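Structural overview for review
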Amino acid sequence: MTPPEDRRIVAPPAGAAGGRLDRVLADALPDLSRTRVRRLIETGSVSLGRGGTIEEPSYRVKPGQSFAVIVPESADPRPAGEPIPLTVVYEDEDLIVVDKKAGLVVHPAPGNPDGTLVNALIAHCGASLSGIGGVRRPGIVHRLDKETSGLMVAAKNDRSHAALAAQFKARSIDRAYTAFAWGAPARPSGEIEGNIGRSARNRKKMAVLASGGRPALTRYRTVTRLGEAASRL
């Protein structure tokens, strides 16, 4: 039997006029991520209250408009726990901090359906692991690239997940990295600021964009110069 569709009507406030449709809907539907909202728009699940389907996430909302959003039941399979060794740095009843090794994918995705940090966390934490981050990303509030090692914090219940997510969104959490880079910066320390988004040349890579993307600020300091060939930052 087909489950009844989840149909929601969103009437944005007057102050939302001129904003991007995906952002306006994500603000109005806090249980859906902006990525999920964007996919709903692109797959024809969003329409004007009195009009046709809108399939462009960047559509600009006009005064007085309302939108119908159809949210299909999630078909994502639930990842299973796997006995993958974890290096636990800290753990209490609310959160866990692990030292992710290089080569470990954070959460299931196309090409990596299992063998991820999420699978390891489910096995380690059991039923206490928060599901508020989505079926495929329980407890995850941030990520590291597959080949990047380092500390990751995961929530073990809804309360801590909401609190951590709010801190990451407000940027009240600082993240520090150690990296080796080819060459050496002209200045031993400084700041790099710009908007980061998908590269137009290679969609698998991120790049600094002239428009769009998300604001990002990186402060760097040169720790060691290895001649002119490389440096540790």
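Cut-off values and rules
- Residues numbered from 1 in each chain as written.
- Predicted model: local features only at pLDDT ≥ 70, side-chain atom pairs only at ≥ 80, totals over all residues.
- Heavy atoms only, no water.
- Helix = DSSP H or I, 4+ residues; strand = E, 2+ residues; numbered from the N terminus.
- Buried < 20%, exposed > 50% of the residue type's maximum accessible area, 1.4 Å probe, protein only.
- Contact = heavy atoms within 4.5 Å.
- Pairing = 2+ DSSP bridges.
- Axes fitted to C-alpha atoms, helices over the stretch in contact; angles between N-to-C directions.
- 1 Å grid on protein atoms, 1.4 Å probe; cavity = no way out; pocket = protein on both sides within 12 Å on 5 of 7 lines; lining within 4 Å.
- Points joined across faces, edges and corners; volume = space filled by probe spheres on them.
- Nonpolar A, V, L, I, M, F, W, Y, C, P; charged D, E, K, R; others polar.
- Polar contact = N/O pair within 3.5 Å; in protein donor to acceptor, adjacent residues only side chain to side chain.
- Patch = residues over 30% accessible without salt bridge, like charges linked within 9 Å, V, L, I, M, F, W, Y side chains within 5 Å.
- Areas by Shrake-Rupley, 256 points an atom, 1.4 Å probe, with all protein chains shown as cover.
- Salt bridge = Lys/Arg side-chain N within 4 Å of Asp/Glu carboxyl O.
- Lys, Arg positive; Asp, Glu negative; His and termini not counted.
- Charge placed at Lys NZ, Arg CZ, Asp CG, Glu CD.
- Parallel < 35°, antiparallel > 145°, perpendicular 65-115°, else oblique.
- Left-handed = near helix turned anticlockwise from the far one by under 90°.

**Side note on the overall build of the chain**
Assigned secondary structure in the chain consists of four helices and twelve strands. Principal-axis analysis of the C-alpha atoms places the extent of the chain at approximately 65 × 45 × 30 Å. A total of 233 residues make up the chain; the buried ones form 33% of that total. Pairs at least 24 residues apart make up 58% of the contacts formed inside the chain by residues separated by at least 6 positions.

**Here's the deal with the sheet that holds strand E9 (residues 206–209)**
Sheets are built from strands that pair by backbone hydrogen bonding, the pairs being arranged parallel or antiparallel. Pairing in this open sheet of three strands is antiparallel, and the strands run E9-E8-E10 from one edge to the other. Lying at the two open borders of the sheet, with one neighbouring strand each, are E9 and strand E10 (214–221). Neighbour to neighbour, the strand axes of the sheet diverge by 50° on average, direction disregarded. Where strand E8 (residues 189–198) and E9 come together, four bridges link them in antiparallel fashion. Bridge assignment links isoleucine 196 to a residue of E9, and that residue is valine 208.

**Digging into the layout of surface pockets**
The volume enclosed by the second largest pocket comes to roughly 230 Å³. Along its surface, the second largest pocket is lined by 14 residues, and His142, Leu151, Met152, Arg175 and Ala176 are the ones closest to its centre. Along the lines of polarity and charge, the residues of the lining of the second largest pocket split into nine nonpolar, three polar and two charged.

**Here's the deal with helix H3 (residues 117–125)**
The buried fraction of H3 is high, at seven of nine residues. When we look at burial in H3, the residues that qualify are Leu117, Val118, Asn119, Ala120, Leu121, Ile122 and Cys125. On its buried side, H3 packs onto strand E5 (95–100) and strand E6 (150–155). With a side-chain oxygen lying 3.3 Å from the backbone nitrogen of valine 118, the N-terminal cap of H3 falls on threonine 116. The positive-phi residue at the C-terminal boundary of H3 is glycine 126, with phi of around 70°.

**What about a positive patch on the surface?**
Judged by side-chain charge, Arg23, Arg60, Arg171, Arg175 and Arg214 come together as a positively charged surface patch. Assignment of secondary structure puts arginine 214 in strand E10. Take arginine 214: its relative accessible area is 58%, and that puts it in the exposed class.

**Re the packing of helix H1 (residues 21–28) against helix H2 (residues 34–42)**
Following both chains from N to C, one finds H1 and H2 inclined at 125°, their axes separated by 9 Å at the closest point. As summarised for this structure, H1 and H2 are arranged oblique, according to the angle between their axes. For the pair H1 and H2, the sense of crossing is right-handed. Mapping the contact onto sequence places Leu21, Asp22, Arg23, Leu25 and Ala26 in H1 and Arg34, Val37, Arg38 and Ile41 in H2.

**So, the sheet that holds strand E12 (residues 230–232)**
A sheet is described by the order of its strands in space; here three strands give the open sequence E7-E12-E11, paired in antiparallel fashion. Whereas interior strands pair on both sides, the edge strands pair on one side only; in this sheet they are strand E7 (180–182) and strand E11 (224–226). Across the sheet, the axes of successive neighbouring strands diverge by a mean angle of 20°, strand direction being ignored. Taken together, the three bridges between E11 and E12 define a ladder with antiparallel strand orientation. Across the sheet, residue leucine 226 finds its bridge partner in E12, namely alanine 230.

**Some remarks on the pattern of salt bridges**
Per the stated rule, a full pass over the model turns up ten salt bridges. Here lysine 156 and glutamate 91 are joined by a salt bridge, their closest N and O atoms 2.9 Å apart. With a gap of 65 residues between them, lysine 156 in the loop between E6 and helix H4 (158–170) and glutamate 91 in strand E4 (residues 88–91) connect regions that are remote in the sequence. Relative accessible area serves as the criterion here: at 33%, glutamate 91 is assigned to the partly exposed category. Arginine 225 is paired through a salt bridge with glutamate 228; the nearest N and O atoms lie 2.9 Å apart. Exposure remark for arginine 225: the relative accessible area of 46% places this residue in the partly exposed category. Judged by relative accessible area, which is 64%, glutamate 228 ranks as exposed. Each of Arg20, Asp22, Arg34 and Arg38 takes part in a single network of salt bridges with overlapping partners.

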